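What follows is each chain in one-letter form.
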Amino acid sequence: MRMTLPPLIGLDLDNTLIDYETLFCTEAVRMGLVPAGVTAGKAAVRAHIQAHGQGDIDWQHLQTRVYGEVIDEAPLFAGAAAFVQAAQAAGIPLVIISHKSRHTHISPDGPDLRDAARRWLAAQPDLCGLIEREQVYFTDTRADKIALIRALGCTVFVDDLATVLDDPAFPPEVLAVHFAPGPAPPSQRAEVRCAHWDQVTDTVFGALPLARLREVCGNPLSWSAPVGGGRNNRLLPFSGPAGEVLAKVYPHRPERQTDSFEAERAALEFCQTVPALAGATPRLLGNGERCCLLERVEGVPALTDRRSGDVAAMLAFVQTLWQVSHSQPQAQRLGAAAEACRDAASVLAQVQQRLDRLRPVAHPALQAFLHDQMDPAVQDVCVRLQPRLTTEQPLPRARRTLSPADFGLHNALRRPDGRLVFLDFEYFGWDDPVKLVAETALHPGHALSIAERSAWLHGCLAFYRQRDEDFPARLADLGPLFALRWALIALNEFLPRDVTRRQFAGALGHTPEALETRRLQQLETAQSLISAWEPAG
């Protein structure tokens, strides 16, 4: 957020915090100004009234009613309370500055509109105690409103009227946010146009690189249609005259030894230096604090348009990665992949750590699965791996590869010309190719068919065995262990920390019912994965 200290957030009131969109129609029907049964927004109601009866006089009477006597029926905009709470949590004070006369011109002796607005604010349970009376200011003119924004020292101002934000007198040092939930002329001055309050929250508190977004997309900058996000991060879409961009925001994950933001940023920067990889990955257009700006790739999810050449494209990508891993000097500066496989013992340790995190979870079905199926399977794998566990040395870099880690058709888009673009490099880095090959074969996200899985495993065996004679034996030995690891990954929804991350990404509902449904689904997935490994032969 671009602000100087001390920060102060200013908010408009009417049509910014107070949502009148349906109340205008409801009251117009009561007053007989529009036919009963009509449902329309404020703009449509105004157009109808001004074309019938007494036109603008009727409209002014309706405004008097809505802003005065029946204002209590208007709701707070969805998401606005969360914004106010976020400001309070950040210790940033708020003020409301509203251009609102005390009475309407047509009803000078009518209700006091300022008192009505204060009454509405006091009645909002979600704002209780968050906005005090002395934080609310009313002005008679737009010029007075802008002067007060400057005088109070606002560092952010949110308003639904582009005419306020674009006024030449509006202080240029203020971060201007145009809140426009419906069709409206765009503000040329605002940093960004938001259609929902959650977008305002992300704009103000999300540390988005707004200046770079405006450079890439052009002005005016707007939030655009949402896209499906990952399970661990959020994808925030922006558009402007020059194009579209996805701002990918990564949560802090202090429990991990690798940083997903740094891993993906470094991965995409590296891939852009290799022509064979640049066309198969999204372009990195910039970054901010825990945020990457990515080109918005035109295409459809590969899972919805599977084709016979997809496995060949996957093989070509990972084979190119191996080749550049050992031929490009800059590859040596890249770090290890998340939860990299150094040897069999390191993978077994990861399995045990995941088991240990799940054991305290009070969920009977989960604990029955761990006791009856997972524990015996782990013991069996340990017995079969014993020779390797006692003699194996950590895999040298010469036999490792740069790996996208979470790889497959579930993380790919198909361009209009049929080419695949691979996404999500949050776990990218140096790793044993055995882990890449096994986990891609096992990944429940793309559920390879028997033929696809066979083609993938045989293609990888043919390639990697020429570069590492121990690869086939290592794949055969470690494959069942990676199946157990994936079964445990599927159970992350039982862990509070992972639930919070899924909810941050919008991939999981917030109700107990939604969580339990998801947990039972993941338990079924884990049961299917526990014995899913089948060697390539």
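Scroll up for the structure.
In what follows, the accompanying structure is described.

1. Quick look at the packing of aromatic side chains
How two aromatic rings sit relative to each other is set out by the distance from centre to centre and by the angle between their planes.
Moving on, step 1. Under the defined criterion, the tally for this structure stands at 19 aromatic pairs.
Moving on, step 2. Residues Y20 and F24 carry aromatic rings whose centres are separated by 6.1 Å and whose planes lie at 75° to one another, so their mutual orientation is edge-to-face.
Moving on, step 3. By relative accessible area, Y20 is classed as buried at 0%.
Moving on, step 4. Both rings, one in F83 and one in F205, keep their centres 5.3 Å apart while their planes meet at 50°; by these two values the pair is tilted. Pair noted here: F83 is in helix α4 (residues 80-89) and F205 is in helix α8 (residues 197-205), with a separation of 122 residues, a long-range link.
Moving on, step 5. Judged by its relative accessible area of 26%, F205 falls in the partly exposed class.
Moving on, step 6. Grouped by ring-pair contacts, the aromatic residues F317, F407, F422, F425, F428 and W456 constitute a single cluster.

2. Description of the pattern of salt bridges
Moving on, step 1. On inspection of all chains with the given rule, the structure shows 44 salt bridges.
Moving on, step 2. For the salt bridge of E264 with K248, the shortest nitrogen-to-oxygen distance reads 2.7 Å. Here E264 is found in helix α10 (residues 260-271), whereas its partner K248 is found in strand β9 (residues 243-249), with 16 residues between them in sequence.
Moving on, step 3. The class for E264 is buried, based on a relative accessible area of 1%.
Moving on, step 4. Exposure remark for K248: the relative accessible area of 1% places this residue in the buried category.
Moving on, step 5. Between E269 and R265 there is a salt bridge; the shortest N-O distance is 3.2 Å. Of this pair, E269 and R265 both sit in helix α10, four residues apart, which is roughly one turn of the helix.
Moving on, step 6. Residue E269 is classed as partly exposed on the basis of its relative accessible area, which comes to 37%.
Moving on, step 7. Taken together, the shared-partner salt bridges connect R388, E392, R399, D432, D468, D470, R474 and D477 into one network.

The rules we used
Residues numbered from 1 in each chain as written. Predicted model: local features only at pLDDT ≥ 70, side-chain atom pairs only at ≥ 80, totals over all residues. Heavy atoms only, no water. Phe/Tyr/Trp six-rings, centres within 6.5 Å; stacked < 30°, edge-to-face > 60°. Buried < 20%, exposed > 50% of the residue type's maximum accessible area, 1.4 Å probe, protein only. Helix = DSSP H or I, 4+ residues; strand = E, 2+ residues; numbered from the N terminus. Salt bridge = Lys/Arg side-chain N within 4 Å of Asp/Glu carboxyl O.

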